[in-house]
Structures are given as C-alpha cells and as structure tokens.
Amino acid sequence: MPDHTPPDLASLRVEIDRIDDALHDLLMRRADIVAHMAASRVKGGAATFRPGREALILRRLLGRHRGALPRAALFRLWREVIASSLAQQGNFSVAAVQGEQGADSPSARIARAHFGLLTPLKLHATTNRALASVGSGEAAVAVLPAPQDGEKPEAAWWTQMETPRLRIVAALPFLAQPEQSGNGADPGLAAPAAYAVAALVPDATGRDRSLLRIEPEPEQSRARINAALTGVGLAPRWMIRRDAPTPMALVEVEGFLAEEDPRLASLPFPRLQILGAYAEPEPEEDAR
Ligand SMILES: O=C(O)C(=O)C[C@]1(C(=O)O)C=C[C@@H](O)C=C1
C-alpha cells in the first residue's frame, strides 16, 4: 500500500517515538530505584508513604515547567508515577466516603485523582468508618471531606481522630484552583476540599500549614481562642468551633508546628493536640 503520509508528519512521528522511548527508559529506571528502596533497608523502616516528599517533587517540577503541556497534565502524569511507586513498595490502599446512592463523593473523586486509577480505593458509608480503616491498618490513608462549620456531629471526623498515631498528612487537591472572588482582590487559592489522614508523622516541606485540635473551657469563645493563639504568634487562618457534646475547636495555622513548639505550652486551653500538617497546595495556573 502506498504511503500517503506527508514526510514532515512522518519525521515528527519518528521524533515522538524517540521521545517516548527515552521517557519509557527513564520511567523503568525510576521504578528500578524504587524497587531497590523497597527491597533494601535504605528507608530504615520509615513509612513508605511520604506526602511531604511527594509535594516537594511536584513543587519542583511545577516550578521548572514551561511550554505547551498544561500544568494539570504534568501533575496527572506524576501522580500516576508516584502512585505506582507506592504500589511497588507494598500494599497501598485508600479509604474514602461513599456519596449519595453509592456514587463517588467529591472526596472519593479527589482520592482517585490524587492516588491514581490503579490504587485500590474502598468507599465507606461514613467518615468514621473510613477513619477506622486507617486506624486498623486496613487502608494506608483515608481521604476525608474538609471539615465545615456547622457540620453534623457524625460528620466531624476530626473530633474522633486518634492522636498522635493518626495525623492529617496532606490537603487535596494539591493542584488548586483560584478562589472565586468577585471583588478584584488577589483571590488566592481555593481552600482544600479534602484531607488525607494516615498513621505517620508528616515531613515539613518549607511551605506548610498545621492543624490544631483544641478542647477549650466552655466559656472560651471563638474570639478568645483566636486572641490567645494570635497572642503567641499563631494567628488562625480559620477556625471551626463546636459546643456539644464537648467544646472543641479545629484551627489551621501557617507553618509546620512541632510538638515541642514552646508557643503551644503557653496556651490557656485544658487540652490541645496537633492533628497534623500539610504542604501548601500549588496553583493550577502558572502565576508568572
Ligand atoms: O522517596 C521515597 O521515600 C519514595 O518512596 C519514592 C516516592 C517517589 O515515587 O518519588 C514514592 C512514594 C513516597 O510517598 C515518596 C516518594
């Protein structure tokens, strides 16, 4: 059969084939290194899943990204690469919450997008069951909807989190849309829609946020909690406070808070725990 392909198209395809081979070779080399990590003691028994390291990889690549490939496409490709390397290092599965009538909930869709299409994802009827499956080791991570002010008590998974064993270790999606703002001011990024909880201590990435669970006295109002935190240099980015059955507040602050941070010791609350920390998300569109 005669070849009617114009020569320039044929040569461009030769070039694409060459690039695909080079990419494939590099992906196979990357997987060999991960296989070595998994087989050796090089990680010293530390957790396989390192969300801070994953964030640093993606931040670095997004920072050097140029040209026609959309940032979202770069992100998708690397999320699949990293998810496959998690799978390579042992059983890795994700728990999330079922939506209405068994359909995917928004957080289940976010979990799939972040952990890739090949990672086993189990949907649970409630957030507390999803959390329990990480507590028992059945799942390596649970992706749970971001807490909301006024949510029903049974949806408030952050009140039930077993600390310090379980931690919030990531906020999703990592590649965030701009916030909808009609006033022309710099809108910033949309708040995370979900948080990932796992039985590991998160790593600092240089640009992080931390979550604190506070058990205040009943008379310690939102304003008083805010003032006490601001007074020690931990001004809340946002706060959720509930009164019943016991007063509790969830607060997000800038930076990576360590357990031994002296600012925490001086706060006037009966109980306070660090629920975790996560790498600040990156913008979906390049701001340059
Ligand atoms: O650096 C590690 O510890 C790895 O296991 C490798 C790797 C990766 O593919 O780059 C995979 C999973 C971790 O969550 C972080 C990074």
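Higher on the page you've got the structure.
Keep in mind it's a predicted model, so treat the numbers as computed, not measured.

Caption draft 1: Molecular detail of the overall build of the protein chain. The secondary structure content of the protein chain amounts to 7 helices and 11 strands. In terms of its C-alpha atoms, the protein chain occupies a principal-axis envelope of roughly 85 × 50 × 45 Å. Per-residue burial for the protein chain yields a buried fraction of 40% across its 288 residues. Sequence-distant contacts in the protein chain: of pairs separated by 6 or more residues, those separated by 24 or more amount to 75%. Counting only carbon and sulfur atoms, one obtains 56% of the accessible surface of the protein chain, whose full area is about 15,900 Å². Positive and negative charge centroids in the protein chain, built from 33 and 35 side chains respectively, lie 3 Å apart.

Caption draft 2: Just helix H6 (residues 222–231), in detail. All of the buried residues along H6 are Ile225, Ala228 and Leu229. Seen along its axis, H6 keeps its buried residues to an arc of 95°; they face one direction. For H6, the exposed residues lying more than 90 degrees away from the buried face are Ala223 and Gly231. Check the buried side of H6 and you find it contacts strand E7 (208–215), strand E8 (236–242) and strand E9 (248–254). Directly beyond the C-terminal end of H6, a positive phi value near 85° is found at glycine 233.

Caption draft 3: Structural view of a negative patch on the surface. On the surface, Asp17, Asp20, Asp21 and Asp25 cluster together into a patch of negative charge. Its location among the elements puts aspartate 21 in helix H1 (residues 7–39). Classification of aspartate 21 as exposed rests on a relative accessible area of 52%.

Caption draft 4: Geometry of the site of the ligand. Surrounding the ligand, one finds Arg30, Met37, Lys43, Thr48, Phe49, Arg50, Arg53, Glu54, Ile57, Ser85, Leu86 and Gln89. The contact in question runs from an oxygen atom of the ligand to an N or O atom on the side chain of arginine 30, over 2.8 Å. Side-chain polar atom of glutamate 54 to an oxygen atom of the ligand: 2.5 Å apart, as the coordinates give it. With 3 residues, helix H2 (residues 51–64) is the largest single contributor of residues to the shell around the ligand. A per-class count over the shell around the ligand returns 4 nonpolar, 3 polar and 5 charged.

Caption draft 5: Representation of the environment of proline 51 within the structure. As for its position among the elements, proline 51 is in helix H2. Each C-alpha atom, one on proline 51 and one on alanine 171, is 9.7 Å from the other, the two residues being 120 residues apart in sequence. For proline 51, the contacting residues outside a window of four places in its chain are Val169, Ala170 and Leu200.

Caption draft 6: Just the nonpolar core, in detail. Residues Leu144, Trp157, Trp158, Met161, Ile168, Tyr195 and Val197 are the most contacted members of the largest nonpolar core, which totals 24 residues. Counting residues per element, this core draws most heavily on helix H5 (residues 127–135), which supplies 3 residues. With near-sequence residues (within four places) excluded, isoleucine 168 lies in contact with Trp157, Met161, Tyr195, Ala196, Val197, Pro202, Leu211, Leu275, Gly276 and Ala277. Residues Ala111, Ala194, Ala198 and Leu200 belong to the second largest nonpolar core, which totals 18 residues.

Caption draft 7: Seen up close, the pattern of salt bridges. Across all of its chains, the model carries 18 salt bridges by this definition. One salt bridge in this structure joins arginine 263 and aspartate 261, with 2.9 Å as the shortest N-O distance. Accessibility expressed as a relative area gives 32% for arginine 263, which makes it partly exposed. Here the salt bridges share partners, and the residues they tie into one network are Arg59, Arg207, Glu280 and Glu282.

Caption draft 8: Geometry of the pairing of E8. A large share of E8 lies buried, amounting to 5 of its 7 residues. With 6 bridges joining them, E8 and E9 adopt antiparallel strand pairing. Residue pairing for E9: methionine 239 is matched across the bridge by valine 251. Linkage of E8 to E9, two consecutive antiparallel strands, is achieved through a turn of 5 residues.

Caption draft 9: Geometry of H5. When H5 is considered as a whole, its buried residues turn out to be Thr127, Ala130, Leu131, Ser133 and Val134. In an axial view of H5, the angular spread of the buried residues amounts to 155°, which keeps them on one side of the axis. Where H5 is buried, its residues touch strand E1 (94–97), strand E2 (121–124), strand E3 (141–145) and strand E6 (194–198). Following H5 by one or two positions, glycine 137 adopts a phi angle in the positive range, close to 90°.

What counts and how
- Position numbers for residues count from 1 along each chain, tracking the sequence in the order it is written.
- Note on the predicted model: pLDDT of at least 70 is required for a residue's local features to be given, and 80 or more for side-chain atom pairs to be given and counted; whole-chain, interface and lining totals, by contrast, use all residues.
- Side-chain measures were taken over the full set of non-hydrogen atoms in the model, leaving aside hydrogen atoms and water.
- Numbered from the N terminus, helices here are DSSP runs of H or I no shorter than four residues, and strands are runs of E no shorter than two.
- For each residue, the accessible area found with a 1.4 Å probe, counting protein chains only, is set against the maximum for its type, and the residue is called buried under 20%, exposed over 50%, and partly exposed in between.
- Only heavy atoms enter the contact rule, under which two residues are in contact if any of them lie within 4.5 Å.
- All accessible-area figures derive from a Shrake-Rupley calculation using a 1.4 Å probe, and residue coverage is judged against the displayed protein chains alone.
- Only four residue types enter the tally: Lys and Arg on the positive side, Asp and Glu on the negative side, with His and both chain ends excluded.
- Every charge is mapped onto a representative atom, which is NZ of Lys, CZ of Arg, CG of Asp or CD of Glu.
- The arc under discussion is defined with respect to the helix axis, by the directions toward the C-beta atoms.
- Here the term patch refers to residues with relative accessible area over 30% and no salt bridge, with like charges joined within 9 Å and nonpolar side chains (Val, Leu, Ile, Met, Phe, Trp, Tyr) within 5 Å.
- Basic side-chain nitrogens of Lys or Arg form a salt bridge, by our definition, when they fall within 4 Å of a carboxyl oxygen of Asp or Glu.
- Whether a residue is near a molecule or strand depends on its heavy atoms: it is near if one of them lies within 4 Å of it.
- In protein, a polar contact means a hydrogen-donor-capable atom and an acceptor-capable atom, both N or O and within 3.5 Å, with residues adjacent in sequence counting only if both atoms are side-chain atoms; elsewhere, any N or O pair within 3.5 Å suffices.
- Under the scheme applied, nonpolar residues are Ala, Val, Leu, Ile, Met, Phe, Trp, Tyr, Cys and Pro; charged residues are Asp, Glu, Lys and Arg; polar residues are all the others, including Gly.
- Here, nonpolar core refers to any group of buried Ala, Val, Leu, Ile, Met, Phe, Trp, Tyr and Cys residues whose side-chain atoms link them within 4.5 Å.
- Between any two strands, pairing holds if DSSP finds at least two bridges.

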